[in-house]
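Residue-level structure breakdown
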Amino acid sequence: MGSISSAVFEGLEHMSESVFMVLCEILGTSQLVAIRRETWDITEMVERRVTPNDGVIQMLSGSMREGFRLIGSDADYMFWPNNHRVIVDMSQSEYYNTANTTLILADSSESPPGFTLIQLLTPTTNRDIPSACVIMNDRVYISSSIYRQLTCSAFIPNSTEHGPCGYAVKAGLEYDSAYCFVCDFWPPSASSWIDRCHSWPDPEVVDDIVRNGCHFVAIGHPLGPHEKEEWRFSFSQAEYKCVYAMNHSQFLTYGLLKNFLKEVINQQSEETNTLLCSYHMKTTVFWAIQQNTLPHWCPQNLLAGFWVCFKLLLKWVYEGICPNFFIPQNNLFLTKVHGSAQNRLFLQLHELYKKGLACLLQSSSIRSYIIDVLYNPRAFVCTDESLIMSEVDYDTEIFSEINVPANIVIRDLQSFVKCLCTVEQLLVDSTQLTQYQLFCLQRRTVSVLQNTAFILHNMHTNTGVNKQMYIADKISCHMLKLAAKFGCISDIFYIAIYYYKTLRYWGALSVIKMTKIKLEQPYLMYYRHVDRDRYTEAVGGQSLSTKVRQAGTLDIRLKNKICYISELIPEQQSASIILIPVFVMLHFLEFLCYRHIDTTLSQEALDELQVLVHHDQGLYVGAYHRNISWEILGICQQITGNLQAALYSYQQSLLTQNPHHTIQTATEQRIRDVLGTLIH
């Protein structure tokens with residue numbers, strides 16, 4: 001009997017190892033997950049330090065912040081005014097200068113656990129808050145429902161209310177944006193969480209979480225006495241730090257539960273497929289880890305960990321109680337999982353429970369891998385993560401992560417200096433930073449230098465003071481050359497754009513020629529497009545900075561508040577950011593410069609652009625860039641007087657419009673202009 005049990009146990013371990021490796025491929029290795037997290041951490045660290053006192057702080061939360069990159073997952077963002085602070089006790093007001101900080105008091109005395117009223121104590125300069133204020137018992141409170149309505153579309157226009165958030169779909173990605181308030185203090189109602197942290201998370205993680213307080217999001221308890229006025233405690237920041245504190249087996253168990261919810265539980269019945277969400281899965285894992293339900297969370301125990309969490313979830317559904325991890329008295333099931341719906345959900349989960357771990361065979365993404373192990377029980381499974389992804393794989397992922405735009409706003413030279421000083425301070429203490437964070441800082445510095453160079457030029461253009469214009473020009477050129485020196489190949493284009501803007505056409509063409517040679521290298525990496533063997537041969541084993549300088553290229557990013565190329569002003573006015581494929585920009589700039597020098601060469605550049613836009617199969621012009629590429633082709637054709645061809649290109653641009661480039665207004669106006677000319 002003992003030998004049979006031992007064989008079963010060994011079989012379970014073997015299958016666990018197999019699922020571990022599969023999940024590493026689907027969800028990411030520990031190194032890849034770390035890259036994703038570190039990139040966002042350093043980006044937000046810089047953003048927060050340079051955001052002015054009257055600015056808005058942005059924080060990515062949810063699964064993307066935790067390190068997942070799941071197809072169909074939404075991006076969760078939280079925003080709060082930098083000069084507003086919530087206090088949970090009046091004595092805490094002494095820590096703030098009320099001349100530049102608006103104070104708000106959390107009053108939880110009449111609210112259910114996990115919820116509170118918030119009272120406005122001092123004047124505010126925020127335009128939305130006064131409109132959201134209500135009077136109760138001669139005190140001024142901020143109404144969550146009104147504030148939510150006022151801020152719902154602040155991040156993405158025409159968003160719809162979804163819980164405490166504004167919900168929208170942009171470029172095929174779902175966004176949840178919550179405008180909230182921050183509190184620098186850990187709330188007394190969550191003090192029991194600190195006492196429970198005996199073995200997990202580690203004391204330094206607990207201290208960091210407590211030191212950074214919490215947030216309040218705009219939604220009340222549906223059974224509370226003041227639902228429309230109440231706010232909910234949010235521990236989003238604490239949660240992602242707890243996920244960071246998981247080992248990789250725990251993280252993958254969490255990912256497996258999320259996957260199981262999506263592919264199995266939510267496919268059981270339309271009546272119950274909205275009762276559970278990924279937040280319940282996260283809560284389950286948190287409690288399971290903290291209660292030491294499983295002594296060792298490792299690849300061999302991954303399925304055992306999954307089963308521990310699934311049984312805990314089943315118990316909660318049976319009882320109708322899912323205790324919030326930080327405030328257990330807040331039952332997350334209270335208004336959702338109850339009555340007949342609760343009974344149906346329990347029966348469905350119990351049917352899965354009776355199947356044992358075989359219920360995972362209903363998960364479409366891992367079914368085939370489990371079956372392979374069942375048919376080949378003696379097959380060797382290596383749990384060495386380093387064998388899953390190659391150096392090239394990691395580099396393509398890093399490229400994908402660093403191309404996320406930073407929320408750093410360079411309004412003037414003062415904000416530029418502040419940003420550079422922030423980066424310098426971080427670099428001084430660079431021993432605390434990882435190689436990925438140092439690389440990310442490098443990319444952010446390149447972007448700041450480029451933006452500032454154009455802002456400086458625009459500030460001094462047409463001032464009439466030749467000496468100031470000359471000095472500004474020298475500084476701008478120096479900034480752009482410095483950015484290109486430790487940027488990627490496409491960063492050189494900003495020098496050519498600047499030269500074109502300042503009528504130095506030969507200089508621009510010289511830069512374009514040099515860049516074109518670099519772009520013709522066989523080992524070029526453009527997003528995920530790369531000749532793996534050539535790339536490894538050319539730059540394998542070298543530093544990230546070297547790889548980027550020699551082999552990496554990204555899109556050209558134009559922000560709408562900065563004038564780069566006058567021919568694109570209408571498009572910039574229509575979109576907050578325009579991303580132009582690097583090869584489209586190459587031919588576009590060639591065309592613009594040669595117009596002033598050699599019409600034959602200008603036409604050749606236009607012909608090359610036309611071939612690229614018409615015939616590229618997604619290699620250099622991706623789906624999200626089709627509209628801006630057709631638009632640029634149309635602009636060039638309109639400049640040469642080929643109005644019929646321009647009209648066709650603009651119409652194609654309209655057909656390929658997507659939320660990533662909201663240039664529809666500019667395209668429609670260009671079509672009207674062309675039609676008006678053709679008619680006359």
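Right, let's walk through the structure included here. Note that residues are indexed from 1 along each chain, following the sequence as it is written. This being a predicted model, a pLDDT of at least 70 is required before a residue's local features are given, and a value of 80 or more before pairs of side-chain atoms are given or counted; all residues contribute to the totals for chains, interfaces and linings. Side-chain descriptors were evaluated using all non-hydrogen atoms of the structure, hydrogens and water having been removed beforehand.

1. Structural notes on the packing of helix H16 (residues 435-460) against helix H21 (residues 544-551)
- Packing of H16 against H21 brings their axes to within 10 Å, and their N-to-C directions diverge by 40 degrees. Between H16 and H21, the angle falls in the class oblique. Across from Gln 435, Tyr 436, Phe 439 and Gln 442 in H16, the residues of H21 making contact are Leu 544, Ser 545 and Val 548.
- Charged means Asp, Glu, Lys or Arg here, nonpolar means Ala, Val, Leu, Ile, Met, Phe, Trp, Tyr, Cys or Pro, and polar covers whatever is left, Gly included. Considered class by class, the residues forming the contact of H16 with H21 number four nonpolar, three polar and no charged. Between N-to-C directions, angles span 0 to 180 degrees; the directions come from axes that are lines fitted to C-alpha atoms, helices contributing only their stretch in contact. Starting at the N terminus, helices and strands are each numbered in turn, a helix being any DSSP run of H or I of at least four residues and a strand any DSSP run of E of at least two. For classification purposes, an angle smaller than 35 degrees is called roughly parallel, one larger than 145 roughly antiparallel, one from 65 to 115 roughly perpendicular, and anything else oblique. Whether two residues are in contact is decided by their heavy atoms: any pair within 4.5 Å suffices.

2. Quick notes on the pattern of salt bridges
- Every case where a carboxyl oxygen of Asp or Glu lies within 4 Å of a side-chain nitrogen of Lys or Arg is listed as a salt bridge. According to the stated counting rule, one finds 22 salt bridges in the structure shown.
- Measuring nitrogen to oxygen at the nearest pair gives 2.8 Å for the salt bridge that ties Asp 41 to Arg 65. Here Arg 65 lies in helix H3 (residues 62-66) and Asp 41 lies in helix H2 (residues 30-50), a separation of 24 residues in the sequence.
- Exposure is judged per residue with a 1.4 Å probe applied to protein chains only, and the accessible area is read against the type maximum: over 50% gives exposed, under 20% gives buried, and values in between give partly exposed. The buried category is assigned to Arg 65, whose relative accessible area is 2%.

3. Comments concerning the packing of helix H19 (residues 505-519) against helix H23 (residues 582-594)
- At a minimum axis distance of 10 Å, the contact between H19 and H23 shows a crossing angle of 150 degrees. Between H19 and H23, the crossing angle belongs to the class labelled roughly antiparallel. The element H19 and its partner H23 pack so that their crossing is left-handed. Contact with H19, carried on its side by Tyr 505, Ala 508, Leu 509, Ile 512, Lys 516 and Leu 519, involves Val 582, Phe 583, Leu 586, Leu 589, Glu 590, Cys 593 and Tyr 594 of H23 and no other residues of that element.
- A class-by-class count of the residues in the contact of H19 with H23 yields 11 nonpolar, no polar and two charged. Take the far helix as your reference; a near helix turned counterclockwise from it by less than a right angle gives a left-handed crossing, and one turned clockwise gives a right-handed crossing.

4. Looking at the environment of Ile 35
- Looking at the element boundaries, Ile 35 is found in helix H2.
- Ile 35 gets classed as buried once you look at its relative accessible area, which sits at 1%.
- For Ile 35 and Leu 503, which are 468 residues apart along the polypeptide, the C-alpha to C-alpha distance reads 42 Å.
- Once residues within four sequence positions are removed from consideration, Ile 35 is found in contact with Tyr 394, Ile 398 and Tyr 436.

5. Quick notes on the pairing of strand S5 (residues 115-120)
- Burial within S5 is extensive, with six of its six residues counted as buried.
- Residues Phe 115, Leu 117 and Gln 119 point to one face of S5 and Thr 116, Ile 118 and Leu 120 to the other, with burial holding for every one of them.
- For two strands to count as paired, DSSP must find a minimum of two bridges between them. As defined by bridge partners, strand S4 (residues 102-107) adjoins S5 across four bridges and the pair is classed as antiparallel. For Ile 104, the partnering residue across the bridge sits in S5 and is Leu 120.
- Sheet analysis places S5 next to strand S12 (residues 231-234), joined by two bridges and oriented antiparallel.

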